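Now for the letters of each chain:
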Amino acid sequence: MSFGRKVRNVDLAVRRGEILGVTGLVGSGHWELGRLLVGTLLPTAGRLDTDSALVRRLVPGDRKTEGLALTRSGSENLTAYALRSISSLFGLFLRRDKRRDFTERRVRELGVRGNAYAPVESLSGGNQQKILVGRALDSGADVIVLEEPTRGVDVGARADLYALIRAQADAGVAVVVVSTDLREVAGLCDRVAVIDQGQLVTGLSSGALDEAAIYRAAHTSDSTKSLSLVSVRRDRSPLRAIVRDEAFVPWAALIALAVIATVGSPIFFGAENLANLSRQSVTIGLLGLGQLLVVVVGHVDLSLGGIVGLSNLVSAQLFLQGVPLGVVLVAVLGMGAAVGGCNAL
């Protein structure tokens, strides 16, 4: 199957119950290949062999210009593919009660936060993306092609979207993820097709998927052009795995600096110095735990620095006024809770 010079002689099979990743460098043709698979682009040569009864849906990568009707409500966007199920008399009359029940159920299942009856442009990017993906999942599609499914969403929404996509594959839907995020492709997909200059460079199977293998394939233009599934073995050596981890260099540099400081000053690891470091680390550790809690429950709070600065200012002023420590703690915790509550609204 070909599409001009963008896609050239690609032979690719998409199976039910799996997630196929399609990736490559920007402009490599992977985007056009995804749209050929769903039928929004027609091949200029070759053909797409598929059952005409199959329902194929596209989740476009640009939700604001192609995916959502921004001035319409989240409910209207979410139910766009499910009108038959919320209507009566063969779809002639829309049942508002059915739309409301459908919306409230799907909002809970998708984890959408915010007012689903307000214009969808008022929701966060993550909630907009959940509605966009959820709408395609409700369409009864046999094949779903998702372009950059987690672009511009926070950590919590990303995890929710991955769970939704995997659930569709487990239900027997053929899912195609078109993405330039190599970590996403390696972690989510069962197979990956790497496209370079419009041609299929190679394919990677589930036992061979990692970010480095996909990167190497995407940057090797003289590789085989067929879909032979290559085997890139994961290194099972614990030591090599640690050395190759992206966190190894920062940790190694930190340890090296500690050794140099110890050699230059014997008191660096002295009892008094370690006690001071521990006291300073307690505050940072508590702040880190707070941020972790925020991320785990599905939000991202960027006001941490401001709250810490305000807390320091208030506590210092109270101490100067001779206020007891217990009262200062209660006041600072209450102020933090109030600011956090306002941010959550």
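What counts, and at which threshold
Residues numbered from 1 in each chain as written. Predicted model: local features only at pLDDT ≥ 70, side-chain atom pairs only at ≥ 80, totals over all residues. Heavy atoms only, no water. Core = buried A, V, L, I, M, F, W, Y, C linked by side-chain atoms within 4.5 Å. Buried < 20%, exposed > 50% of the residue type's maximum accessible area, 1.4 Å probe, protein only. Helix = DSSP H or I, 4+ residues; strand = E, 2+ residues; numbered from the N terminus. Contact = heavy atoms within 4.5 Å. Lys, Arg positive; Asp, Glu negative; His and termini not counted. Salt bridge = Lys/Arg side-chain N within 4 Å of Asp/Glu carboxyl O. pLDDT = per-residue confidence, 0-100. Axes fitted to C-alpha atoms, helices over the stretch in contact; angles between N-to-C directions. Parallel < 35°, antiparallel > 145°, perpendicular 65-115°, else oblique. Nonpolar A, V, L, I, M, F, W, Y, C, P; charged D, E, K, R; others polar. Expected span 1.5 Å × (residues − 1).

Draft legend 1. Quick look at the nonpolar core. Of all hydrophobic cores here, the largest spans 32 residues; its most connected members are Ile19, Val59, Ile131, Ile144, Leu146, Val175 and Val177. Those elements that place two or more of their residues in this core are helix 4 (96–110), helix 5 (125–137), strand 5 (143–147), helix 6 (155–170), strand 6 (174–178), helix 7 (182–188) and strand 7 (191–196). Here isoleucine 131 is in contact with Leu68, Gly74, Asn77, Leu78, Val112, Val120 and Leu123, once residues within four sequence places are set aside. Counting residues in each nonpolar core, the second largest holds 20 residues, with Leu20, Leu41, Val143 and Ala193 among its members.

Draft legend 2. Spatial organisation of the side chain of glutamate 32. Tracing the backbone shows glutamate 32 in helix 1 (residues 30–38). Despite its burial, glutamate 32 pairs with no opposite charge, the nearest such side chain being lysine 6 at 4.4 Å. When residues no more than four places from it in sequence are discounted, the contact partners of glutamate 32 are Phe3, Lys6, Val7 and Leu41.

Draft legend 3. Geometry of the confidence of the model for the chain. Per-chain confidence: the chain averages 78 in pLDDT, with 81% of residues scoring 70 or above. Here residues 221–236 is modelled with pLDDT under 50, and outside its nearest four sequence neighbours on either side it reaches 41 contacts, counting other chains as well.

Draft legend 4. Broad picture of the side chain of serine 2. Considering the arrangement of structural elements, one finds serine 2 in the segment before strand 1 (19–24). When its relative accessible area of 8% is taken as the criterion, serine 2 is described as buried. With residues near it in sequence (within four places) discarded, serine 2 still touches Val7, Arg8, Asn9, Pro43, Thr44 and Ala45.

Draft legend 5. Structural detail: the pattern of salt bridges. Applying the stated criterion across every chain yields a total of 14 salt bridges. With its nearest N and O atoms 2.5 Å apart, the salt bridge here joins glutamate 109 to arginine 106. Linking glutamate 109 with arginine 106, this pair stays in helix 4, spanning three residues, or about one helical turn. Three or more residues are tied together by salt bridges with common partners; here these are Arg15, Glu18 and Arg191.

Draft legend 6. Molecular detail of the environment of valine 153. Tracing the backbone through its elements, the reader meets valine 153 in the loop between strand 5 and helix 6. Among residues more than four places away in sequence, those in contact with valine 153 are Arg63, Gly125, Gly126, Gln129, Arg158 and Leu161.

Draft legend 7. Quick peek at the packing of helix 5 against helix 6. Two elements in contact, helix 5 and helix 6, have axes separated by 10 Å at closest approach and are oriented at 5°. For the element pair helix 5 / helix 6, the angle class is roughly parallel. For the pair helix 5 and helix 6, contact is made by Gly126, Gln129, Lys130, Val133 and Leu137 and by Ala157, Asp160, Leu161, Leu164 and Gln168, respectively. Here the contact of helix 5 with helix 6 is built from residues that sort into five nonpolar, three polar and two charged.

Draft legend 8. Focus on the environment of arginine 63. Its location among the elements puts arginine 63 in helix 2 (residues 63–67). Note: C-alpha distance between arginine 63 and glycine 125 (62 residues apart in sequence) is 9.2 Å. Ignoring any residue separated from it by four or fewer positions in sequence, one finds arginine 63 in contact with Leu68, Gly125, Gln128, Gln129, Leu132, Arg151, Gly152 and Val153.

Draft legend 9. Focus on helix 10 (residues 248–264). In a regular helix each residue adds 1.5 Å, so 17 residues correspond to 24 Å; helix 10 covers 24 Å between its end C-alpha atoms and thus fits that length. Buried residues are scarce in helix 10, accounting for zero of its 17 residues.

Draft legend 10. Here's a closer look at unusual backbone geometry. Non-glycine residue asparagine 9 carries a positive phi angle of around 55°. Turning to its location among the elements, asparagine 9 is positioned in the segment before strand 1. Using a relative accessible area of 62% as the deciding quantity, one classes asparagine 9 as exposed. In this structure, glutamate 148 is a non-glycine residue whose phi angle is positive, near 45°. Turning to its location among the elements, glutamate 148 is positioned in the loop between strand 5 and helix 6. Accessibility expressed as a relative area gives 13% for glutamate 148, which makes it buried.

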